[in-house]
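The residues making up each chain are set out below.
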Amino acid sequence: MDEIARAALSSKYHFQRMFHALTGFTVSEYIRNRRLTLAAEELTGTTAKVIDIALKYGYDSPEAFTKAFQRVHGVTPLAARRENVRLKAFPRISFQLQIKGETEMNYRLVQEEETKAIGKEVILEKEHAREIPAFVEKIWTDGTHNRINEAVGRPHGSLLNGYHFDFAEDGSKRYMMGYPVPVGTEVPGDLTVLAIPAQTYAVFDSRETIPEDSEIGLEIINVWRRIYAEWFPSTNFEQAEGPCLEKYRWLDEAKSESVCEVWIPVRRKE
């Protein structure tokens, strides 16, 4: 992974975030799928032994290879050699440079001091666009949302921040709805305390009108996509380690329009 990141002129951390954001795969998933695609081609096109193919594509034993092969293709390596067996192919990914920027992106750089936030967290697996709204709805309905507001001294109904952190190589991450906690505040035992280091953030605006009974944050998905597909490739910044934030607030008393700022920790490339 370090060698791949160096070839891409970026840190390992930034490369992994960029790759996953642009492809929907983690680097490890892509490598595994490509290896098993090539392994299937050799199984069906040669008489090589299964153990030799397993070793060639990075598996220490036929058992480990069989398990991984069956998880992807739905059949064992031996069964793949039979006629009329359906296998999966994951083609090589290619990236094409496209002219972007027809719509401007408003951003600013902000230096933040070290702080702590409290809130309720969940582990997100793959379907983040569906998992987050479901989690937000749950804590709003069961009263946790307002308990967090009470703990930090804010009115009921105030919008909380979203914190993305602990990004894993398998694409999972932790997500917390919460808010910065004043010094000396007593934190309820069932809430998470998240330490946030001093960072430089790139802050992006997203303003959206919220129809009645709709989800907050539909426009945010597009903002995240544009940050990785357009902003990072066109600047001399890369993502630094640390939590990413989504800061929400209402713009009117009727709560019909909100603004969200996406905060991503960044540093200049060396």
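Coordinates for the structure precede this section.
From a predicted model like this one, the values you see are computed outputs, not experimental measurements. (Residues numbered from 1 in each chain as written. Predicted model: local features only at pLDDT ≥ 70, side-chain atom pairs only at ≥ 80, totals over all residues. Heavy atoms only, no water.)

## What about the overall build of the protein?
Part 1 of the argument: Each helix and strand in the protein was counted, giving 8 helices and 9 strands.
Part 2 of the argument: If you line up the protein on its principal axes, its C-alpha atoms span 70 × 40 × 35 Å.
Part 3 of the argument: Looking at the protein alone, contacts between residues at least 24 apart form 68% of all its contacts between residues at least 6 apart.
Part 4 of the argument: Between the mean site of the 35 positive side-chain charges and the mean site of the 41 negative ones, the protein shows a separation of 7 Å. (Helix = DSSP H or I, 4+ residues; strand = E, 2+ residues; numbered from the N terminus. Contact = heavy atoms within 4.5 Å. Lys, Arg positive; Asp, Glu negative; His and termini not counted. Charge placed at Lys NZ, Arg CZ, Asp CG, Glu CD.)

## A look at the nonpolar core
Nonpolar side chains tend to gather and get buried jointly when the protein is soluble and globular.
Part 1 of the argument: Ranked by internal contacts, the top residues of the largest apolar core, which has 18 residues, are Phe232, Val262 and Ile264.
Part 2 of the argument: Those elements that provide at least two residues to this core are strand E6 (199–209), helix H8 (218–231), strand E8 (244–250) and strand E9 (257–268).
Part 3 of the argument: At 6 residues, H8 tops the list of elements feeding residues into this core.
Part 4 of the argument: The contacts of Val262, once residues within four sequence positions are left out, are Ala202, Val203, Phe204, Ile220, Val223, Trp224, Ile227 and Leu245.
Part 5 of the argument: Leu36, Tyr59, Phe69 and Val75 belong to the second-largest nonpolar core, a separate cluster that totals 16 residues. (Core = buried A, V, L, I, M, F, W, Y, C linked by side-chain atoms within 4.5 Å. Buried < 20%, exposed > 50% of the residue type's maximum accessible area, 1.4 Å probe, protein only.)

## Regarding the packing of helix H3 (residues 27–45) against helix H5 (residues 62–73)
Part 1 of the argument: As a packed pair, H3 and H5 sit with axes 10 Å apart at the nearest point and diverge in direction by 95°. Put simply, H3 runs roughly perpendicular to H5. Contacts from Asn33, Leu36, Thr37, Ala39, Ala40 and Leu43 of H3 reach H5 at Phe65, Ala68, Phe69, Val72 and His73.
Part 2 of the argument: The residue makeup of the contact of H3 with H5, split by class, is 8 nonpolar, 3 polar and no charged. (Axes fitted to C-alpha atoms, helices over the stretch in contact; angles between N-to-C directions. Parallel < 35°, antiparallel > 145°, perpendicular 65-115°, else oblique. Nonpolar A, V, L, I, M, F, W, Y, C, P; charged D, E, K, R; others polar.)

## Some details on the environment of Asn33
Part 1 of the argument: Among the secondary structure elements, Asn33 is positioned in helix H3.
Part 2 of the argument: With a relative accessible area of 9%, Asn33 lands in the buried category.
Part 3 of the argument: Spatially, the C-alpha atoms of Asn33 and Arg225 are 24 Å apart, while their sequence positions differ by 192 residues.
Part 4 of the argument: The residues contacting Asn33, other than those within four sequence positions of it, are Phe25, Val72 and Phe90.

## Let's talk about the side chain of Thr144
Part 1 of the argument: Along the chain, the position of Thr144 falls in helix H7 (residues 144–151).
Part 2 of the argument: Contact partners of Thr144, with chain neighbours within four places excluded, come to Lys120, Ile139 and Leu191.

## Looking at the environment of Ile51
Part 1 of the argument: Tracing the backbone shows Ile51 in helix H4 (residues 50–56).
Part 2 of the argument: The exposure class assigned to Ile51 is partly exposed, which follows from its relative accessible area of 40%.
Part 3 of the argument: Linking Ile51 and Phe65, residues 14 residues apart in sequence, is a C-alpha distance of 8.4 Å.

## Thoughts on the pattern of salt bridges
Part 1 of the argument: Going through the model one piece at a time under the given rule, you end up with 9 salt bridges.
Part 2 of the argument: In this structure, Glu121 engages Arg174 in a salt bridge whose closest nitrogen and oxygen atoms are separated by 2.7 Å. Taken together, the residues span a long stretch of sequence, with Glu121 in strand E2 (residues 115–124) and Arg174 in strand E4 (residues 173–180) at a distance of 53 residues.
Part 3 of the argument: On the basis of relative accessibility, which here comes to 26%, the residue Arg174 falls in the partly exposed class. (Salt bridge = Lys/Arg side-chain N within 4 Å of Asp/Glu carboxyl O.)

## Some remarks on the packing of aromatic side chains
Part 1 of the argument: Taken as a whole and judged by the stated rule, the model has 14 aromatic pairs.
Part 2 of the argument: Considering the side-chain rings of Tyr107 and Trp231, the 5.1 Å spacing of their centres and the 70° angle between planes classify their relative orientation as edge-to-face. Of this pair, Tyr107 sits in strand E1 (residues 107–112) while Trp231 sits in helix H8, and the two are 124 residues apart along the sequence.
Part 3 of the argument: For Tyr107, a relative accessible area of 40% corresponds to the partly exposed category.
Part 4 of the argument: Measuring from centroid to centroid gives 5.1 Å for Phe204 and Trp231, while their planes differ by 85°, and the two rings are edge-to-face. Of this pair, Phe204 sits in strand E6 while Trp231 is found in helix H8, placing the two residues 27 residues apart along the sequence. (Phe/Tyr/Trp six-rings, centres within 6.5 Å; stacked < 30°, edge-to-face > 60°.)

## Considerations on the pairing of E8
Part 1 of the argument: Relative to E8, strand E3 (residues 161–165) runs antiparallel, the two being bridged by 3 bridges. Bridge assignment links Tyr163 to a residue of E8, and that residue is Leu245.
Part 2 of the argument: The pairing of E8 with E9 spans 6 bridges and is classified as antiparallel. Note on E9: the bridge partner recorded for Tyr248 is Cys260. (Pairing = 2+ DSSP bridges.)

## Digging into the pairing of E2
Part 1 of the argument: Where E2 meets strand E5 (residues 192–196), 5 bridges bridge the pair, whose relative direction is antiparallel. Among the inter-strand pairings, Lys116 is bridged to a residue of E5, identified as Ala195.
Part 2 of the argument: Pairing analysis gives 8 bridges linking E2 to E4, with the strands arranged antiparallel. Of the residues in E4, the one forming a bridge with Gly119 is Gly178.

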